[in-house]
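Summary of the model geometry
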Amino acid sequence: MLIGPVNLSVLTTACSSHYGNVIEEFCLAKFKLDMEVLDQRQWCSWEDTVESYGELTNCTFLVALKMNCFWPNRMVDEFFIRVHRHYFHDCSMSGRLLHDPPNRILGPFIVVPILVTLLMTALVVWRSKRSEGIV
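Since we're looking at a predicted model, the values are computed, not measured.

Here is what the cut-offs are and how they apply
Residues numbered from 1 in each chain as written. Predicted model: local features only at pLDDT ≥ 70, side-chain atom pairs only at ≥ 80, totals over all residues. Heavy atoms only, no water. pLDDT = per-residue confidence, 0-100. Helix = DSSP H or I, 4+ residues; strand = E, 2+ residues; numbered from the N terminus. Contact = heavy atoms within 4.5 Å. Phe/Tyr/Trp six-rings, centres within 6.5 Å; stacked < 30°, edge-to-face > 60°. Buried < 20%, exposed > 50% of the residue type's maximum accessible area, 1.4 Å probe, protein only.

Averaged over every residue, the pLDDT of the protein is 81; residues scoring 70 or more account for 79%. Within the protein, no element has a lower average pLDDT than helix α1 (residues 3–37), which sits at 73, and none a higher one than helix α2 (residues 46–66), at 92. Of the regions scoring below 50 in pLDDT, residues 1–13 engages in 3 contacts with residues more than four places distant in sequence or in other chains.

Quick look at the structure:
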């Protein structure tokens, strides 16, 4: 019974000693090149990064498969946390860049309340002057 856990421990130890280096040197190197092609403002655009990110994920999986490592594992989690901290730390939770809406949409939301406020103020003033003469 001790042989099973010992073999599993040896396999996990052997995996952890080299797996991290391989994914850093092989997978991350390609991802860095892909990200350098993009302008830094495009890093948060999922449409622009989804292919490179998918390739990075697949690379970590294939390396784990070739090295007989479990996937996902603690090292993969830590690896992706480092990648996210470096490349995606300023991105919103939805993964999309936050922008103001176009002026044709934003304008009415600004102008209409101002006009309603001015109209209601004018109506109150007009009614208050009109009611003074009726008494």
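That was the structure; now back to the text.
A word on the packing of aromatic side chains. On inspection of all chains with the given rule, the structure shows 8 aromatic pairs. Plain terms: the ring middles of Y53 and F80 are 5.7 Å apart, the flat faces sit at 55° to each other, and that makes the pair tilted. Of this pair, Y53 sits in helix α2 while F80 sits in helix α3 (residues 74–87); the two residues are 27 residues apart in sequence, bridging distant segments of the chain. On the basis of an interplanar angle of 80° and a centroid distance of 5.4 Å, the ring pair of F79 and F80 is categorised as edge-to-face. In terms of burial, F79 and F80 fall into one category: buried. Of the aromatic side chains, those joined through ring pairs into one cluster are F31, W43, W46, Y53, F79, F80, Y87 and F88.

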